[in-house]
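Residue-level structure breakdown
What follows is the residue order along each chain.
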Amino acid sequence: MFLKELEDYPWFPPYLRKMQLEYVGWISVQLKLYKPVLELLSKFPSNKWTDLASGSGWPAFYLQKNNSNEIHYTLSDLYPDSVSNKVKQLVEVEPESLNLIDFQPQTGKQYSIFNAFHHFTSKEQKQLINKMKEARASCIIAEVLEPTWICLLQVTLAALIVQPLTAWAMQPFSILRLITTYLIPIQLITVAWDGWLSVLKSKSLSQYKALVNDLADNQYSIEVKRIKQLHGNLIVILAQPITS
């Protein structure tokens, strides 16, 4: 049985989903977890990107804001209303719901997925990358989680310690966030639960390499690597057509 994070269920309250995704995205930006991706973007020919399963949109917002060369992001998600209101001010958002299970990449387009790939089964993950290959589209997939006790500890600290220490400083400011963090701390419980489940569903570097091993060929490049950082490692999958 494949368990899904609470935020992925349609019955999960939209206001809780939005606040939860905002916190996860916001804290990743504060820690600059996606800073190494800035350099990786230069390996792709276009400056236009479509972000898939965007959640709050904070990672894409960070990259668009901090890239030395101008890039343009369009955000998309199964629940597009989850995109942070602050992010919406500066980043384009596709208003229609986009389910990655049914998604068909467009030829020559560039896509990214930040810390959402683990939400899908191995079969779905492989199908998505294969669709990218068949469409000769490019993608960057970045995951901050691995199935280790260190990640489990980091998620626990982030949900139960860092979250109540920073809720008042999060942007945009929300009275409801304060209520669900301090008075009725449901937010701490849901973020912790989804975080633990995500760690259990995540993959190691070797597992991701095994997943895509038979997809790369002399016409399509797929690179999987770990970028080590003191505040949190990244596992990155870079996939793109090989041009002669």
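Residues numbered from 1 in each chain as written. Predicted model: local features only at pLDDT ≥ 70, side-chain atom pairs only at ≥ 80, totals over all residues. Heavy atoms only, no water.

**So, the layout of surface pockets**
Here the second largest pocket is characterised by a volume of approximately 290 Å³. What lines the second largest pocket is a set of 16 residues, and nearest its centre among them are T50, T74, Q106, K109 and Y111. Those elements that place two or more of their residues in the lining of the second largest pocket are β1 (48–52), β2 (72–75) and β4 (110–114). Partitioned by chemical class, the residues of the lining of the second largest pocket number four nonpolar, nine polar and three charged. (1 Å grid on protein atoms, 1.4 Å probe; cavity = no way out; pocket = protein on both sides within 12 Å on 5 of 7 lines; lining within 4 Å. Points joined across faces, edges and corners; volume = space filled by probe spheres on them. Helix = DSSP H or I, 4+ residues; strand = E, 2+ residues; numbered from the N terminus. Nonpolar A, V, L, I, M, F, W, Y, C, P; charged D, E, K, R; others polar.)

**Some thoughts on the side chain of S112**
Looking at the secondary structure, you find S112 in strand β4. Exposure remark for S112: the relative accessible area of 0% places this residue in the buried category. A polar side-chain atom of S112 sits 3.3 Å from a polar atom in the side chain of Y73. Setting aside chain neighbours within four positions, we find S112 in contact with W49, T50, D51, L52, Y73 and I140. (Buried < 20%, exposed > 50% of the residue type's maximum accessible area, 1.4 Å probe, protein only. Polar contact = N/O pair within 3.5 Å; in protein donor to acceptor, adjacent residues only side chain to side chain. Contact = heavy atoms within 4.5 Å.)

**Some words on the pattern of salt bridges**
Going through the model one piece at a time under the given rule, you end up with five salt bridges. Close ionic contact of E5 with K201 constitutes a salt bridge, the shortest N to O distance being 2.7 Å. Highlighted residues: E5 in the segment before α1 (14–30) and K201 in helix α8 (residues 186–201), separated in sequence by 196 residues. Given the relative accessible area of 13%, K201 is considered buried. For the salt bridge of R226 with E146, the shortest nitrogen-to-oxygen distance reads 2.8 Å. (Salt bridge = Lys/Arg side-chain N within 4 Å of Asp/Glu carboxyl O.)

**Details of the sheet that holds strand β7 (residues 234–241)**
With mixed pairing, the seven strands of this open sheet are ordered in space as β3-β2-β1-β4-β5-β7-β6. Every other strand in the sheet has two partners, leaving β3 (92–93) and β6 (220–227) as the edge strands with one partner each. Examined bridge by bridge, β4 and strand β5 (residues 138–143) share five bridges and lie parallel to one another. Residue S112 lies in a different strand from β5, and its bridge partner there is I140. (Pairing = 2+ DSSP bridges.)

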